[in-house]
Structure formats: structure tokens, C-alpha cells
Amino acid sequence: MKKTIIQCVTAVLCTALVGLSCSNGLGKIADAKKEAAEKQPASSQTSAVVSDNGEANSSSDVVAPSDNGEATPTDGSETTPADSSETTPADSGETTPAGDSKPADSKPAGSTAPSSKADIIKYYNTAMNKVVSSKAGYTKVRHTDLGQLEGAEAIMKIKIAADAVNSFLGVGDTKYVNKKGEAKFLSNAALTEADVKDAKCTDNGGIYTITLTLADGTSKADASTKVDNGSLKRSGLFVGNDDKDAYDYKSAVNIYLGLNNSGDASVQAVSEKTSKTTITIKVDSKTGNVSSLDASWHWDADLTKVKYTIVTVSGTGHADSTVKISGFQF
């Protein structure tokens, strides 16, 4: 993700550099175009597939993020990532924002559908954590639509800039396949009542449909503060503390670390807000097994004083993301 973030920053600055007629800046953009073409994740025109070993597989030449955060050629071959230690399975014991939560039971308790807010949330957490602890197989597709880029609208008229922005945000579809026996693309769920504005559960022939409306989340990061109060980080979606582009939810902290750890760029501060977040899962009440998940949310990010060489810019971006998981195998 570090490389794609650098590409994004370089692309943002290309507009300013063109205005200054800086030939050196144009040279850097040409390099960025080459890297973006080689390493960008799949766009909406071509779905990329990331297999259970973190490798991307596709019928096209598009590349998708592997589990270790690096882009991998989609030539159909399966190659073990060079540094598999970067992969953090949700049940591996390594810490993620929701990593301290472990399921108390493999099957949600009770012969009747949960009705209170607290019981529905508990049932949801237990069901999601069973997916991780039992290493169930599934297929996940994440989709992101990019909205207006305030302060940088003209950038999307430049193809290399648009490609870099889309690569960073994961615009379009990216498909992840987690085979049974692996646990790579979800985290442990630990939602609290404070995280949930509304919780509903309906029973249709023993299949419980649980729909949660999450509270708006905020996160911010600068030199002295790194705070993430996002409810999404405890939802069971794929999250973490570093800057992997495979994460479903990317907080201000993820973005801040990615830019400032790159060595080529820096940012003074990042703030982010998530809203309109809903998650729906279906669970077989007899087994406690999840059969489907659908999640959606809107997010806005403000970046203050993004610096590259002698140029400094600020901007705001808006996007909408969805995650759909199906084909569960327990």
C-alpha cells in the first residue's frame, strides 16, 4: 500500500507541477504511471481474485493486492508471498484492533431468536467469530465508488492521476477467496452497544437475519495523536494497525502511517469519518453458521499538508464501500 499511496500523492501533485511547468515533476509522474500500471489493484472493469495464500489470480493482466499488502501479477500462478509474516490471520493470536476478542462459544446460545439489542449484538459477535475460529471458507468481494475530490477535481481528468487515485482507494471490485482451513480476510468481532445504533433480528424458518446499523465512526492521526473510534474496526471486517491495502476499513491512522513511512512523502494530519454503516448477516440457528454477509458504509477523509518535495497541498475525498461475503464452508 505504501507504493500505491506514494503514487496517489505524486498524482495529486502532478496538477500543481504541470502549472509550474516543472519538467522534473513530469518525469516523476511518468514513473508513477509505470508503477501504477504494474501494481494497481483490480478496477471495476476487471475483478481481481486474491486466493487464500494472498496471491492475485485473474484472466487479465491487472494486478490485485496480495495478503502481504504487495501487488502480485495475475498470471494464474500461485506463489507464496516473500514475507508471509505480514499476513495476520484473525485467529493467529496477533493483535488487531479487534484481536483481543475471542468467541466464548462456537455456537450462539438460545433456542429462540435474540430480541434485545445486547443479545443481538452478542449473537452477531459469536457467529462472526465462529467463522474465524473454525477457519471457514468463503468468497469476499469489496467494492468502492469514489465521489468528488474537493480541491482536486481537475486531477481526475488526467489519466495517470486517476489511475493512481483509484489504485489507492481500491476503486471497483476486488475479490478475495479464503479456502476452508485458512483465516486470512476477516478479523475478530467485538462490537459493543455503544457501537450500534440499531439492531434487528428476524427468524425465517430457523434462519436468523441480523441487521446492525452502526454508529458513525471517527479517526484522526498526527504527530502526537493516533485515535480510532470507528465502530467498523470491531465489526469483524478485515482491519489492522498498519497500512495494508487489503483492509476493508482504512482509518486515518492507516493513511497517516502509510504516507509518513514511505520516505518520499509526508502528511501533517489526517482525519476521517465513517457514516451510513449497515451490516446484515444470515445465520443458521441450528448450527450457528453464517451463510452470508453484506456491509456498506460512506467515508470522508481530510488530509492536511501533504508534502512532496517543495509542494504542499491539502484535500478532502469522499467514497462509498461495500463488502459481500458468500459461499461459506464450515
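Remember, predicted model here, so these are calculated numbers, not experimental data.

A. Spotlight on the overall build of the protein. For the protein, the count of helices and strands is 5 helices and 13 strands. Looking at the 330 residues of the protein, the share that counts as buried comes to 50%. Put simply, of all contacts in the protein between residues at least 6 apart along the chain, 66% involve residues at least 24 apart. As displayed, the protein offers around 14300 Å² of accessible surface, 49% of which is attributable to carbon and sulfur atoms.

B. Region of interest: the nonpolar core. Core analysis: the biggest nonpolar cluster contains 41 residues, and Tyr-124, Ile-210, Leu-212, Ile-281 and Leu-293 have the highest contact counts within it. Mapped by element, the contributors of at least two residues to this core are helix H3 (117-133), strand S7 (196-204), strand S8 (207-214), strand S11 (266-284), strand S12 (289-308) and strand S13 (311-329). Broken down by element, this core gets its largest block of residues, 8 residues, from H3. In this structure, Ile-210 is in contact with Ile-120, Tyr-123, Tyr-124, Lys-200, Cys-201, Ile-279, Thr-280 and Ile-281, ignoring residues within four places of it in sequence. Ala-221, Val-253, Tyr-256 and Val-267 belong to the second largest nonpolar core, which has 9 residues in total.

C. Local environment of the environment of Gly-147. Following the sequence through the fold, Gly-147 ends up in strand S5 (residues 137-150). Judged by its relative accessible area of 38%, Gly-147 is partly exposed. Spatially, the C-alpha atom of Gly-147 lies 5.2 Å from that of Ala-319, the residues being 172 residues apart in sequence. Discounting chain neighbours no more than four positions away, the residues touching Gly-147 are His-318 and Ala-319.

D. Main features of the pairing of S11. The pairing of S8 with S11 spans 7 bridges and is classified as antiparallel. Bridge assignment links Leu-212 to a residue of S11, and that residue is Ile-279. Here strand S9 (residues 217-221) pairs with S11 via 5 bridges, running antiparallel. The residue of S11 that forms the bridge with Lys-220 is Ser-271.

E. Region of interest: the packing of aromatic side chains. Throughout the structure, instances matching the rule amount to 6 aromatic pairs. Summarising the aromatic geometry, the rings of Tyr-176 and Phe-185 are spaced 4.9 Å apart at their centres and angled 50° between planes, so their arrangement reads as tilted. For the pair shown, Tyr-176 and Phe-185 are each scored as buried. By the ring-pair criterion, three or more aromatic residues cluster together here, those being Tyr-176, Phe-185, Phe-238 and Tyr-247. Positioned above the aromatic ring of Phe-330 is the side chain of Lys-130, whose terminal nitrogen or guanidinium carbon lies 5.7 Å from the ring centre.

F. Representation of the pattern of salt bridges in the model. In this structure the tally under the stated criterion is 4 salt bridges. For Lys-140, the salt bridge is made with Asp-248, and the minimal N-O distance between the two is 2.9 Å. Of this pair, Lys-140 sits in strand S5 while Asp-248 sits in the loop between strand S10 (226-228) and helix H5 (252-260); the two residues are 108 residues apart in sequence, bridging distant segments of the chain. Of the residues examined, Lys-140 reaches a relative accessible area of 0% and is grouped as buried. Between Arg-142 and Asp-248 there is a salt bridge, and its shortest N-O distance comes to 3.0 Å. Placement of Arg-142 in strand S5 and of Asp-248 in the loop between S10 and H5 is noted, with a sequence separation of 106 residues between them. A residue is classified by how much of its surface remains accessible, and Arg-142, at 4% relative accessible area, is buried. On the basis of relative accessibility, which here comes to 4%, the residue Asp-248 falls in the buried class. One network of salt bridges, in which partners are shared, links Lys-140, Arg-142 and Asp-248.

G. Summary view of the environment of Leu-259. Position of Leu-259 relative to the elements: it lies in helix H5. On the basis of relative accessible area, Leu-259 is assigned to the buried category, the value being 2%. Along the primary structure Leu-259 and Lys-307 are separated by 48 residues, whereas in three dimensions their C-alpha atoms are 9.6 Å apart.

H. Looking closely at the side chain of His-318. With respect to the helices, strands and loops of the structure, His-318 is situated in strand S13. There is a polar contact of 2.3 Å between the side chain of His-318 and the side chain of Asp-300. In contact with His-318, other than residues within four places in its own chain, are Asp-145, Leu-146, Gly-147, Gln-148, Glu-150, His-298, Trp-299 and Asp-300.

I. Local environment of H3. Counted at 1.5 Å a residue, the expected span for H3 with its 17 residues is 24 Å, and the 24 Å between its end C-alpha atoms agrees. Within H3, 12 of the 17 residues are buried, which leaves the element mostly enclosed by the surrounding structure. For H3, the set of buried residues is Ile-120, Ile-121, Tyr-123, Tyr-124, Asn-125, Thr-126, Ala-127, Met-128, Asn-129, Lys-130, Val-131 and Val-132.

Reading the values: rules and limits
Residues numbered from 1 in each chain as written. Predicted model: local features only at pLDDT ≥ 70, side-chain atom pairs only at ≥ 80, totals over all residues. Heavy atoms only, no water. Helix = DSSP H or I, 4+ residues; strand = E, 2+ residues; numbered from the N terminus. Buried < 20%, exposed > 50% of the residue type's maximum accessible area, 1.4 Å probe, protein only. Contact = heavy atoms within 4.5 Å. Areas by Shrake-Rupley, 256 points an atom, 1.4 Å probe, with all protein chains shown as cover. Core = buried A, V, L, I, M, F, W, Y, C linked by side-chain atoms within 4.5 Å. Pairing = 2+ DSSP bridges. Phe/Tyr/Trp six-rings, centres within 6.5 Å; stacked < 30°, edge-to-face > 60°. Lys NZ or Arg CZ within 6 Å of the ring centre and 35° of its normal. Salt bridge = Lys/Arg side-chain N within 4 Å of Asp/Glu carboxyl O. Polar contact = N/O pair within 3.5 Å; in protein donor to acceptor, adjacent residues only side chain to side chain. Expected span 1.5 Å × (residues − 1).

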